[in-house]
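Examining the three-dimensional arrangement
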Amino acid sequence: MAAKPLVQAAIDYRSERGWNVIPLRRDEKVPLEGFPLSTFIQRPMTDEELTSWFGHPDAGNIGVLAGPTSGVWVADIDDTGLVEDFRTAYPSDLMSRTPSGGLHLFYEYPADGVGVPNGHIGKGIDIISKGKYVLISPSFVKKAGHGGVSVSGSYEWLQYGRPSAAKDELLRAAMTGEVGSISGVQGLTPNTSSASSA
């Protein structure tokens, strides 16, 4: 997906994908100062709100709120040693590369009303769902990274199809945080720490 002005990117994500998008500070992962995130977790912005917030001079990045308002949940693979095995075992037609070399895999949010909780599947895999967000193209961050490693770079779509339905074993792991149901991902170990931001 080619880079485009932020306001237009936000409009396109909303109109083409139905995503609930939020404006983030230029070069950062945090919402604009004064942005009422709790309000827009519950509902998408109106056209006027979207144009105003994304047109703000401090806006430079864009996030998509996961959960039922956008119809997606995200597996955030921070551990670059798990990326290839995970994307092979649990593919999605919608995925992006993070500046640190990690991966965001977008899956359909379940329509059964149960939902997917925020949490972890072992070390290095965070589950991003209702009330949380991930950055998407054309976002650029400075000093992103995990484990004390500082990197700068862009979020880039690797595949830009529709979010795939997650395999049952991945959904079970996302619901429980247990690594036991995950197969085909070498080096995945139980998690003992808290999640990083996406």
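See the structure printed just above.
We now turn to the structure provided with this report. Keep in mind that what you see is a predicted model, and the values were worked out from it rather than measured.

Where helix α1 (residues 6-17) meets helix α3 (residues 47-54), the axes come as close as 9 Å, and the angle between the chain directions of the two elements is 145°. For the element pair α1 and α3, the recorded crossing hand is right-handed. Mapping the contact onto sequence places L6, V7, A10, I11 and R14 in α1 and D47, L50, T51 and F54 in α3. Counted by class, the contact of α1 with α3 contains six nonpolar, one polar and two charged residues.

Counted by the stated rule, this structure contains ten aromatic pairs. Measuring from ring centre to ring centre gives 5.0 Å for F35 and W53, while their planes differ by 90°; the resulting arrangement is edge-to-face. Pair noted here: F35 is in the loop between β1 (21-25) and α2 (37-42) and W53 is in helix α3, with a separation of 18 residues, a long-range link. W53 carries the same exposure label as F35, and that label is buried. With centroids separated by 5.4 Å and ring planes inclined at 50°, the aromatic side chains of F106 and W157 adopt a geometry described as tilted.

A separate point is the sheet that holds strand β3 (residues 72-77). If you walk across this open sheet you meet the six strands as β6-β7-β3-β5-β4-β11, and the pairing is antiparallel. A single partner strand is all that each edge strand has here, and the edge strands are β6 (119-120) and β11 (156-160). Direction of pairing for β3 relative to strand β5 (residues 103-108): antiparallel, over a ladder of six bridges. Along β5, the bridge assignment pairs A75 with L105. With respect to the sheet, helix α5 (residues 168-176) is in contact with β3, β5, β6 and β7 (125-128), its orientation differing from that of β3 by roughly 80°.

Attention shifts here to the nonpolar core. Counting residues in each nonpolar core, the largest one holds 33 residues, and the members touching the most others are Y13, W19, V21, F54, I62, F106 and I136. Secondary structure elements with two or more residues in this core: α1, β1, α2, α3, β2 (59-65), β3 and β8 (133-136). Judged by nonpolar contacts, the second largest core, of 24 residues, contains I77, I127, L170 and L188.

Once that is clear, we can look at the pairing of β5. Looking along a regular strand, one sees side chains alternate from face to face of the sheet. In terms of burial, β5 is largely enclosed, as five of its six residues are buried. A loop of five residues connects strand β4 (residues 94-97) with β5, the two strands running antiparallel in sequence, and G101 in this loop sits at a positive phi of about 90°.

Peptide bonds are trans in most cases, and residues, glycine excluded, mostly fall at negative phi. At the junction of S137 and P138, the peptide bond is cis and its omega measures out at 10° in the coordinates. Within the secondary structure layout, P138 lies in the loop between β8 and β9 (140-144). If you check the backbone angles, D27 has positive phi at about 65° while not being a glycine. Its location among the elements puts D27 in the loop between β1 and α2.

Scoring rules and cut-offs
- Residue indices begin from 1 for each chain and proceed along its sequence in written order.
- At least 70 in pLDDT is required for a residue's local features to be given in this predicted model, at least 80 for side-chain atom pairs to be given and counted, and no such filter applies to totals for whole chains, interfaces and linings, which use all residues.
- Derived side-chain values reflect all non-hydrogen atoms in the structure, with water molecules and hydrogen atoms excluded from consideration.
- Orientation is described by axes fitted as lines to C-alpha atoms, over the contacting stretch for helices, and by angles from 0 to 180 degrees between their N-to-C directions.
- Put simply, DSSP H or I for four residues or longer makes a helix, DSSP E for two residues or longer makes a strand, and each gets a number counted from the N terminus.
- Each crossing is labelled by how the near helix is turned from the far one, with a counterclockwise turn of less than a right angle marking it left-handed and a clockwise turn marking it right-handed.
- Residue contacts are defined here by distance: any two heavy atoms, one from each residue, within 4.5 Å place the two residues in contact.
- Any residue that is not Ala, Val, Leu, Ile, Met, Phe, Trp, Tyr, Cys, Pro, Asp, Glu, Lys or Arg is counted as polar, Gly included; the first ten are nonpolar and the last four charged.
- A pair of Phe, Tyr and Trp rings is counted when the ring centres sit within 6.5 Å of each other, with Trp represented by its six-membered ring. The angle between the planes then sorts it: under 30 degrees is stacked, over 60 is edge-to-face, the rest tilted.
- Exposure is judged per residue with a 1.4 Å probe applied to protein chains only, and the accessible area is read against the type maximum: over 50% gives exposed, under 20% gives buried, and values in between give partly exposed.
- In this analysis, strands are considered paired if DSSP registers two or more bridges between them.
- Put simply, a nonpolar core is a bunch of buried Ala, Val, Leu, Ile, Met, Phe, Trp, Tyr and Cys residues held in one set by side-chain atoms that sit within 4.5 Å of each other.

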